[in-house]
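Here is what each chain is made of, one letter per residue.
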Amino acid sequence: MTDDFAQHLRHRPRRLRRSPAIRGLVRENTLTVDDLIWPIFVRDGENDETPIPSMPGVSRLTVDRAVAAAEMAVGLGIPAICIFPYTDPSLKTESCEEAWNPDNLSNRTIRAIKRTVPEIAVMTDIALDPYNANGHDGIVRNGYVVNDESVAALTRMALAQAEAGADILGPSDMMDGRIGAMRDALEENGHSNVSIMSYSAKYSSGFYGPFRDAVGASGALKGDKNTYQMDPANGDEALRMIARDLDEGADMVMVKPGMPYLDICRRVKDGFGVPTFAYQVSGEYAMLMAAVKNGWLDRDKVMIESLTAFKRAGCDGILTYFAPEIARRLQG
Ligand SMILES: NCc1[nH]cc(CCC(=O)O)c1CC(=O)O
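So, how was this worked out
- Residues numbered from 1 in each chain as written.
- Predicted model: local features only at pLDDT ≥ 70, side-chain atom pairs only at ≥ 80, totals over all residues.
- Heavy atoms only, no water.
- Near = heavy atom within 4 Å.
- Polar contact = N/O pair within 3.5 Å; in protein donor to acceptor, adjacent residues only side chain to side chain.
- Areas by Shrake-Rupley, 256 points an atom, 1.4 Å probe, with all protein chains shown as cover.
- 1 Å grid on protein atoms, 1.4 Å probe; cavity = no way out; pocket = protein on both sides within 12 Å on 5 of 7 lines; lining within 4 Å.
- Sits in = over half its atoms within 2 Å of the grid points.
- Nonpolar A, V, L, I, M, F, W, Y, C, P; charged D, E, K, R; others polar.
- UniProt positions renumbered as here; feature names shortened; annotations may be inferred.
- Helix = DSSP H or I, 4+ residues; strand = E, 2+ residues; numbered from the N terminus.
- Contact = heavy atoms within 4.5 Å.
- Buried < 20%, exposed > 50% of the residue type's maximum accessible area, 1.4 Å probe, protein only.
- Pairing = 2+ DSSP bridges.
- Right-handed = clockwise from strand over helix to strand, strands pointing away.
- Patch = residues over 30% accessible without salt bridge, like charges linked within 9 Å, V, L, I, M, F, W, Y side chains within 5 Å.
- Salt bridge = Lys/Arg side-chain N within 4 Å of Asp/Glu carboxyl O.
- Axes fitted to C-alpha atoms, helices over the stretch in contact; angles between N-to-C directions.
- Parallel < 35°, antiparallel > 145°, perpendicular 65-115°, else oblique.
- Left-handed = near helix turned anticlockwise from the far one by under 90°.

## Re the site of the ligand
Argument step 1. The immediate surroundings of the ligand are formed by 18 residues, with Lys202, Lys225, Lys256, Ser282 and Tyr321 found nearest.
Argument step 2. Take aspartate 137: an N or O atom from its side chain is 2.9 Å from a nitrogen atom of the ligand.
Argument step 3. Between the ligand and lysine 256 there is a distance of 3.4 Å, counted from a nitrogen atom to a side-chain nitrogen or oxygen.
Argument step 4. Protein contacts shield 100% of the accessible area of the ligand, which totals 400 Å² for the unbound molecule.
Argument step 5. Spatially, the ligand is embedded in the largest cavity.
Argument step 6. The class makeup of the residues in the shell around the ligand is eight nonpolar, three polar and seven charged.

## With respect to the UniProt feature "active site" (unreviewed entry) in the protein chain
Argument step 1. Mapped onto this structure's residue numbering, the UniProt feature "active site" (unreviewed entry) falls at Lys202 and Lys256. What stands out for the annotated residues spanning 55 residues is how close their C-alpha atoms remain, the widest pair being 4.9 Å apart. The subset of these annotated residues that lines the largest cavity comprises Lys202 and Lys256.
Argument step 2. Within the secondary structure layout, lysine 202 lies in strand 9 (residues 195-202).
Argument step 3. Apart from the residues lying within four places of it in its own chain, the contact partners of lysine 202 are Asp137, Ser172, Met174, Tyr208, Gln229, Met230 and Lys256.
Argument step 4. Within the secondary structure, lysine 256 is located in strand 10 (residues 252-256).
Argument step 5. Aside from chain neighbours lying at most four places away, what touches lysine 256 is Tyr199, Ala201, Lys202, Tyr203, Tyr208, Tyr279 and Val281.

## Points about the pairing of strand 11 (residues 276-280)
Argument step 1. Most of strand 11 is tucked away, with five of its five residues classed as buried.
Argument step 2. Going residue by residue along strand 11, you find Thr276, Ala278 and Gln280 tucked away on one face and Phe277 and Tyr279 tucked away on the opposite face as well.
Argument step 3. Relative to strand 11, strand 10 runs parallel, the two being bridged by three bridges. Bridging from a neighbouring strand, methionine 254 pairs with phenylalanine 277 of strand 11.
Argument step 4. As a crossover connection, the stretch from strand 10 through helix 9 (residues 262-272) into strand 11 is right-handed.
Argument step 5. Here four bridges tie strand 11 to strand 12 (residues 317-320), and the two strands are oriented parallel to one another. In the sheet register, phenylalanine 277 faces strand 12, and the bridge partner there is glycine 317.

## Observations concerning a nonpolar patch on the surface
Argument step 1. On the surface, Leu16, Leu25 and Val26 cluster together into a nonpolar patch covering about 310 Å² of accessible area.
Argument step 2. As for its placement among the helices and strands, valine 26 is situated in helix 2 (residues 20-26).
Argument step 3. Relative accessible area serves as the criterion here: at 41%, valine 26 is assigned to the partly exposed category.

## What to know about the pattern of salt bridges
Argument step 1. By the definition in use, this model includes 20 salt bridges.
Argument step 2. Between aspartate 270 and arginine 266 there is a salt bridge whose closest N-O contact spans 2.9 Å. Of this pair, aspartate 270 and arginine 266 both sit in helix 9, separated by four residues, roughly a single helical turn.
Argument step 3. For aspartate 270, a relative accessible area of 55% gives the class exposed.

## Digging into the packing of helix 4 (residues 105-116) against helix 5 (residues 147-164)
Argument step 1. Put simply, helix 4 and helix 5 touch, their axes get as near as 8 Å, and they point 25° apart. Taken together, the axes of helix 4 and helix 5 are roughly parallel relative to one another. The two elements helix 4 and helix 5 meet at a crossing, and its hand is right-handed. Side by side, helix 4 and helix 5 meet where Ser106, Asn107, Ile110 and Arg111 of the first sit next to Ala160, Gln161 and Ala164 of the second.
Argument step 2. The class makeup of the residues in the contact of helix 4 with helix 5 is three nonpolar, three polar and one charged.

Below, the structure written as structure tokens:
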């Protein structure tokens with residue numbers, strides 16, 4: 001029976017899984033350090049950092065430490081860093097004017113990093129939540145996040161970041177028409193080489209909780225973001241958002257969160273063939289790290305597997321809090 005069976009088994013896919021050498025030869029997707037964008041949190045002060053309890057291993061850094069982090073990232077070969085500010089509650093207002101203050105924490109960090117580590121690409125976040133007394137990404141009037149007034153404010157914010165030296169702007173606000181407005185403003189103000197990576201398919205997700213703690217927005221936020229971020233139940237809508245943002249002048253697009261939305265990443269890459277990114281968000285990081293801390297998951301394995309999955313799904317790069325760890329691993 002056994003001999004007979006062996007005679008007829010012509011296909012043995014296990015032949016190509018026999019050794020690391022053969023597995024390497026036929027591997028379809030490879031994660032490299034070039035795929036990484038490292039999100040960091042910054043705070044005021046000097047030579048100090050504050051751990052974020054829901055994100056083990058991640059801290060808010062003072063500007064000098066953010067510069068040191070950027071130097072370390074360059075040393076590891078990480079191409080880009082993305083800055084998120086923890087704004088002092090006293091600076092938060094309903095009109096959010098701190099968002100476009102040329103000397104706000106985020107803009108000071110951009111300048112400091114570009115001065116010391118010009119080779120790293122600096123990405124920003126464009127949304128009003130770190131500066132908003134009510135925690136929303138846009139301006140609230142009579143309980144509603146108004147669109148056009150928010151776009152005007154966000155465009156000022158974008159220009160201030162470009163002035164500070166940002167290489168890539170990351171509008172994460174999900175207002176209608178913001179990409180076109182920002183692109184026009186950049187062109188008119190001598191910043192035609194500043195790129196836009198649009199958070200085009202950004203879902204109203206439960207996975208942003210730890211991030212909101214990190215930037216100090218959770219306490220302020222009233223209600224949810226369902227009137228502007230996307231319904232997690234929708235897929236076709238994501239493709240319409242991508243088409244619109246590309247049409248308005250986005251250079252790169254993003255799907256966010258990551259792991260629960262890999263189907264969207266694949267559809268975007270297949271449908272448009274443009275530089276496509278995913279954000280492995282704070283809740284994904286927290287979820288993996290919580291299990292790692294309990295000894296339930298192996299950190300290196302789940303880190304590599306979860307990030308490789310983005311490559312397999314068609315992404316060109318990933319924003320991930322694991323960036324320095326994975327870069328160290330990839331260096332061997
Ligand atoms: N609007 C700002 C913004 N930019 C990135 C994230 C989330 C990132 C993360 O969870 O890691 C958020 C939070 C939100 O939309 O509430």
